[in-house]
Each structure stands twice: as structure tokens, then as C-alpha cells.
Amino acid sequence: MVKRVGLVVNPTSGKNRGMVLGLEVAHRLRAAGHEVLDLSDESYDAARDRAIGAIAQGLDVLAMVGGDGMVHLGVNLAALTPVPLAIIGAGTGNDVARGLGLPVH
């Protein structure tokens, strides 16, 4: 089943590891047949606004690539919606991802 995935990447997370991991995630999702909407932007506020619009238009999944700040943004965007949140830890510490038992880096 093809999913419409909104991807928000912080390219500077983890000393620029976010950019590399974000590209890999997008590539793997597309290779699996999913539609990937890059919702990343130059600022936190702009990315948030793009994601809000995409959620309103019907995302199947919201995927966040970055550190704890991106997780915070994703949780706030997905809260009170039926959209599941995917967390891809690419930050320096990844405290939230580690605390949830998710893979990091």
C-alpha cells in the first residue's frame, strides 16, 4: 500500500548528519513505492507551516529526521490528529529517540 509521507529534515542535526540521513530516508521510502513530500524549509517556523498544510491535506505519515527539537516539532504537529509520527534520530545526543528505544544515527 502506497503511503503519502511528509518528511521534515533538519539538515544540520548531528553535525550535518541530518542531511545525509534525510536523503537516505527519502530514497528508501521512494524505492519502497511511497510518495514522499519534502516539507523541510530554511526555518523551523516555515517547516512547521508546510507540515501543518500537508497534514490538513491528508498525510498518511509524518516523518521527522533530526534531533530532539525535530521530535518536539513532530509531536506537536501530530498531536490530536490521526497522523502517525515517525522519528528518525539524527541529532548529536538523540535523548528522546534513545529514551524511546529507537535506533539513532
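No experiment lies behind these values; they were computed from the predicted model shown.

Asks: Can you help me understand the nonpolar core in this one?
Replies: The tendency in soluble globular proteins is for nonpolar side chains to be buried as a group. By size, the foremost hydrophobic cluster in this structure holds 13 residues, and its most contacted members are V8, L39, L59 and L62. Contributing elements (two or more residues each) for this core: α2 (44-56), β3 (61-66) and α3 (68-78). Here the element with the most residues in this core is α2; it accounts for four residues. Those residues in contact with L62, other than ones at most four positions away along the chain, are G6, V8, L39, A51, I55, G74, L77, V83, P84, L85 and A86.

Asks: What is the right way to read helix α1 (residues 13-31) from this model?
Replies: Given 3.6 residues per turn, any residue in an α-helix points the same way as the ones three and four places further on. Every buried residue of α1 is listed here: S13, G14, G18, L21, G22, V25 and A26. Of the residues one or two after α1, G33 is the one with positive phi, at around 95 degrees.

Asks: How should the pairing of strand β2 (residues 35-38) be read in this particular structure?
Replies: Within a regular beta strand, the side chains point alternately toward one face of the sheet and then the other, so they alternate between its two faces. As defined by bridge partners, strand β1 (residues 4-9) adjoins β2 across four bridges and the pair is classed as parallel. Bridge pairing in β2 places R4 opposite E35. As a crossover connection, the stretch from β1 through α1 into β2 is right-handed.

Asks: Mind showing me how you'd approach the environment of P84 here?
Replies: With respect to the secondary-structure elements, P84 resides in the loop between α3 and β4 (85-89). Residue classification places P84 among the partly exposed positions, given a relative accessible area of 42%. Put simply, P84 and L59 are 25 residues apart on the chain and 9.1 Å apart in space, counted from C-alpha to C-alpha. Discounting residues that sit within four places of it in the chain, P84 has contacts with D60, V61 and L62.

Asks: What am I meant to see in the pattern of salt bridges here?
Replies: Here the idea is simple: oppositely charged side chains can pair when their charged atoms come close. Applying the stated criterion across every chain yields a total of five salt bridges. One salt bridge connects R4 with E35, and the closest N-O pair in it is separated by 3.7 Å. Note that R4 is positioned in strand β1 and E35 in strand β2, a separation of 31 residues in sequence. Accessibility expressed as a relative area gives 21% for R4, which makes it partly exposed. In this structure, R50 engages D41 in a salt bridge whose closest nitrogen and oxygen atoms are separated by 3.9 Å. We classify R50 as partly exposed; its relative accessible area is 38%. Here D41 falls in the partly exposed class, since its relative accessible area comes to 38%.

Rules and cut-offs
Residues numbered from 1 in each chain as written. Predicted model: local features only at pLDDT ≥ 70, side-chain atom pairs only at ≥ 80, totals over all residues. Heavy atoms only, no water. Core = buried A, V, L, I, M, F, W, Y, C linked by side-chain atoms within 4.5 Å. Buried < 20%, exposed > 50% of the residue type's maximum accessible area, 1.4 Å probe, protein only. Helix = DSSP H or I, 4+ residues; strand = E, 2+ residues; numbered from the N terminus. Contact = heavy atoms within 4.5 Å. Pairing = 2+ DSSP bridges. Right-handed = clockwise from strand over helix to strand, strands pointing away. Salt bridge = Lys/Arg side-chain N within 4 Å of Asp/Glu carboxyl O.

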